[in-house]
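The residues making up each chain are set out below.
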Amino acid sequence: MPLFIKRDQIYAHQIHLLEHKLRSKEERILELETENALLHLRLAECLGKLRRDNEDVLQAQKHRLHQNHVQKYTQTALAKLLTEVQVLKQDLRDVFAVYVGFATELDEQSREILERVGSASPALQGNDGELQSLQAQVDALKHSLQEENERCRTERLRRKLLHNTLVELRGNIRVHCRVRPVLPFDAGLGQLALGSGSTLEEVVQAVNDDSVLVSCSKPGTSAMNKMFEFERVHGPEDSQEAVFEEVKPLLTSLLDGYNVCIMAYGQTGSGKTHTMIGTEDFTRPEGAPLQGVIPKSATELFRLISEKPAESHTVEVSVTEVYNNEVFDLLSKDCEGVAIGTKRDVITTSTGTSEVPALTHELVRSSVEVMQVISAVLRLRARSPTLVHRDSSRSHLIVTLTVTSKSPNALALARRLQSARQELQRPSQKEWWSPRCRRAASSRSASPASSPYHSPYHSPCLSPRPSITQAQIRTKLQLVDLAGSECVGMSGVTGAALWETSCINRSLSALSDVLGALAEQRPHVPYRNSKLTHLLQDSIGGEAKLLVMLCVSPTQRFLAESLQSLGFGARARQVHREPARRKNTTLKMK
Ligand code: ADP
Ligand code: MG
């Protein structure tokens, strides 16, 4: 038994020992776990640090790469900038030079002003009240100036409207007549010697301002007493100035946006060139009183332009000659600058206006320049009569001044004309047209429009208008010295002379037909029957203003020719027997 107890005690002791061991092991495990956790913590710390270090290294590398790239880019940009800076520097130097110039000028001006103020200030000192009242007066004056400007503008527009109404009332086609004085050659070669004094008898007389009387009582023939009436009749005593006074209003119409034509009609020796060009010395100031319509028109045109805003108008001149139904450009030159009188064509553009492609135009800035151009052409014609033909009176000379206007008023007109064109294209707006135009319009609407513009001016019966672009308006002044209208018989004439005579006869009768067609308001106006009428189409039909200056010889010797010229004028004059119809009220300035 006691052995049994002992064994129990031993076991208990062993258990106790084992428990003790176990506890100490557990404590050791706990210690180790703690240590382990600490180590984990340190490891994590180390790893974090390592990662951060890596990142730093990477970042540094990236940064270095970026730096390299930026450096390269910057170098190129810098090179570019350098060039630009150099250019800018040069510009700046230039600007600076200008600035220095201005500054010096300004400096001088301000010194001058200061000096003036200095000399004026004693008078003004202590006189503040007076200064204020002066300032008030200046303000009031400025204000009234503004009002006056406004009124002036309105009045100008009203004037334009009234002027056109007046010109239209007088008729878009006017016929004036000029009877020249009796001249030595009226007697004819050797006729005086033969005692045929009757050839010098004055049978054509200007009886008053608007009538010409042709009276003739040749023995053996029935007496003639025929009166012709025209818008204005000039007698032998009338000066170039007096003749031009009646022409002048047309130049105002030109600047108001209308094409204008002034032509001299009559037999050779009746005074056409004298009326249109005048004295040979027309480029010299002392020749001014003897200047004809062309130089005087140029002077008046540039005078009117000088009243408009600066740079608002440009003028170009072209000189053409129609000979044997061919158009010659008298300003064209060969490669050595020698005038050659090149043959040109006349075409009708898509807007219905006539045009001479490749025609030489010379820009002119004054009437003197216009006259220089024309006198060069005249000298050339005189020097080399074979250049185009043998005798200047066997061709039609046409001087064209083309005015391009950019002034606000012209712009307004251009806009109005354009809107009027648009109005015309609307079918409901056709009523105001004349029957001939309505007929033309209906035939046009039956066929599809061939032109993108589909303008009503395609038909030859419609009014050719000044050509208009968005920003400018172009008008033509055509000044024509026609070939002699004498009734040259064909009998006995052969070869080139026969052809020449027949061309003159045909072109003048084509002109008469055109004016006749306009007079009778026929649906078709045969502009294209001759180069002359085709070339003048824009300035003789429609709203253009035409002035025919009939030149007649007063004496018995040229009675037949004078009667023929007066008959031509009477036919042309029928154009406005009834007061000129207003073609398009939408065009009128309100
Ligand atoms: P056209 O050109 O019609 O053939 P011109 O103009 O050459 O005729 O005139 C012939 C001549 O008559 C010229 O010597 C011109 O100076 C002269 N003459 C013409 N009209 C007048 C006039 N109204 N006053 C003075 N001389 C004139
Ligand atoms: Mg002549």
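All values reported here derive from a predicted model rather than from experimental measurement.

Definitions and limits used
- Residues numbered from 1 in each chain as written.
- Chains lettered and ligands numbered in written order.
- Predicted model: local features only at pLDDT ≥ 70, side-chain atom pairs only at ≥ 80, totals over all residues.
- Heavy atoms only, no water.
- UniProt positions renumbered as here; feature names shortened; annotations may be inferred.
- Helix = DSSP H or I, 4+ residues; strand = E, 2+ residues; numbered from the N terminus.
- Expected span 1.5 Å × (residues − 1).
- Buried < 20%, exposed > 50% of the residue type's maximum accessible area, 1.4 Å probe, protein only.
- Near = heavy atom within 4 Å.
- Polar contact = N/O pair within 3.5 Å; in protein donor to acceptor, adjacent residues only side chain to side chain.
- Pairing = 2+ DSSP bridges.
- Axes fitted to C-alpha atoms, helices over the stretch in contact; angles between N-to-C directions.
- Lys, Arg positive; Asp, Glu negative; His and termini not counted.
- Salt bridge = Lys/Arg side-chain N within 4 Å of Asp/Glu carboxyl O.
- Contact = heavy atoms within 4.5 Å.
- Left-handed = near helix turned anticlockwise from the far one by under 90°.
- Nonpolar A, V, L, I, M, F, W, Y, C, P; charged D, E, K, R; others polar.
- Phe/Tyr/Trp six-rings, centres within 6.5 Å; stacked < 30°, edge-to-face > 60°.

Caption draft 1: Seen up close, the UniProt feature "coiled-coil region" (unreviewed entry) in the chain. In the numbering adopted here, UniProt assigns the feature "coiled-coil region" (unreviewed entry) to residues 15–42. The span residues 15–42 is 100% helical and 0% strand by assignment, and the distance between its end C-alpha atoms comes to 40 Å.

Caption draft 2: Helix 12 (residues 559–573), seen in detail. In this model, helix 12 (15 residues) spans 21 Å end to end at C-alpha, consistent with the 21 Å of a helix rising 1.5 Å per residue. Taken together, the buried positions of helix 12 are occupied by L559, E561, S562, S565, L566, F568, G569 and A572.

Caption draft 3: Representation of the site of ligand 1. Residues in close proximity to ligand 1 total 13 residues, the closest being L183, G269, K272, T273 and H274. A distance of 3.3 Å separates an oxygen atom of ligand 1 from a polar backbone atom of S270. Within the contact set of ligand 1, an oxygen atom lies 3.1 Å away from a backbone nitrogen or oxygen of G271. Element by element, the count of residues in the shell around ligand 1 is highest for helix 5 (residues 272–276), at 3 residues.

Caption draft 4: The arrangement of the pairing of strand 3 (residues 211–216) in detail. By the bridge criterion, 4 bridges tie strand 2 (residues 204–208) to strand 3 in an arrangement that is antiparallel. Directly across from N208, in strand 3, lies its bridge partner S211. Taking the residues between adjacent antiparallel strands as the criterion, strand 2 and strand 3 are bridged by 2 residues. When strand 3 meets strand 4 (residues 224–229), the two strands line up antiparallel, connected through 6 bridges. Across the sheet, residue L213 finds its bridge partner in strand 4, namely M227.

Caption draft 5: Up close: the sheet that holds strand 2. Strand order across the open sheet formed by 3 strands is 2-3-4, with antiparallel pairing between neighbours. Each edge of the sheet is formed by a strand with only one pairing partner; in this case those strands are strand 2 and strand 4. Strand-to-strand, the axes of this sheet are offset by a mean angle of 25°, without reference to chain direction.

Caption draft 6: Examining the side chain of K272 more closely. Checked against the element boundaries, K272 lands in helix 5. This buried residue, K272, is left without a salt bridge; D481 holds the nearest opposite charge, at 5.2 Å. A polar side-chain atom of K272 sits 2.9 Å from the main-chain carbonyl oxygen of G266. Of note is the side chain of K272, whose polar atom sits 2.9 Å from the backbone oxygen of Q267. Not counting residues up to four positions away in its chain, the partners in contact with K272 are A264, Y265, G266, Q267, D481, L482, A483, G484 and C551.

Caption draft 7: Just unusual backbone geometry, in detail. Of note, N325 is a non-glycine position whose phi angle comes to about 55°, a positive value. Position of N325 among the secondary structure elements: in the loop between strand 7 (313–323) and strand 8 (326–329). Its relative accessible area of 32% is what places N325 among the partly exposed residues. Of note, the phi angle at A358 is positive, near 65°, even though the residue is not glycine. Position of A358 among the secondary structure elements: in the loop between strand 11 (354–355) and strand 12 (362–364). Classification of A358 by relative accessible area gives exposed; the value is 61%.

Caption draft 8: Region of interest: the packing of helix 10 (residues 495–519) against helix 11 (residues 531–540). With their axes 10 Å apart at the nearest point, helix 10 and helix 11 run at an angle of 30° to one another. The two elements helix 10 and helix 11 cross, and the hand of that crossing is right-handed. When helix 10 is examined against helix 11, the residues S507, A510, L511, V514 and L518 are found in contact with a partner set consisting of L532, T533 and I540. A per-class count over the contact of helix 10 with helix 11 returns 6 nonpolar, 2 polar and no charged.

Caption draft 9: Geometry of the packing of aromatic side chains. Inspection of every chain in the model, using the stated rule, returns 2 aromatic pairs. Seen from their ring centres, F228 and F230 are 6.4 Å apart, and the 0° between their planes marks the pair as stacked. Judged by its relative accessible area of 8%, F228 is buried. Ring geometry for Y265 against F568: centres 3.8 Å apart, planes inclined by 5°, an arrangement best described as stacked. Taken together, the residues Y265 in strand 6 (residues 260–265) and F568 in helix 12 connect sequence positions 303 residues apart. Taking the relative accessible area as the measure of exposure, Y265 reaches 2% and is therefore buried.

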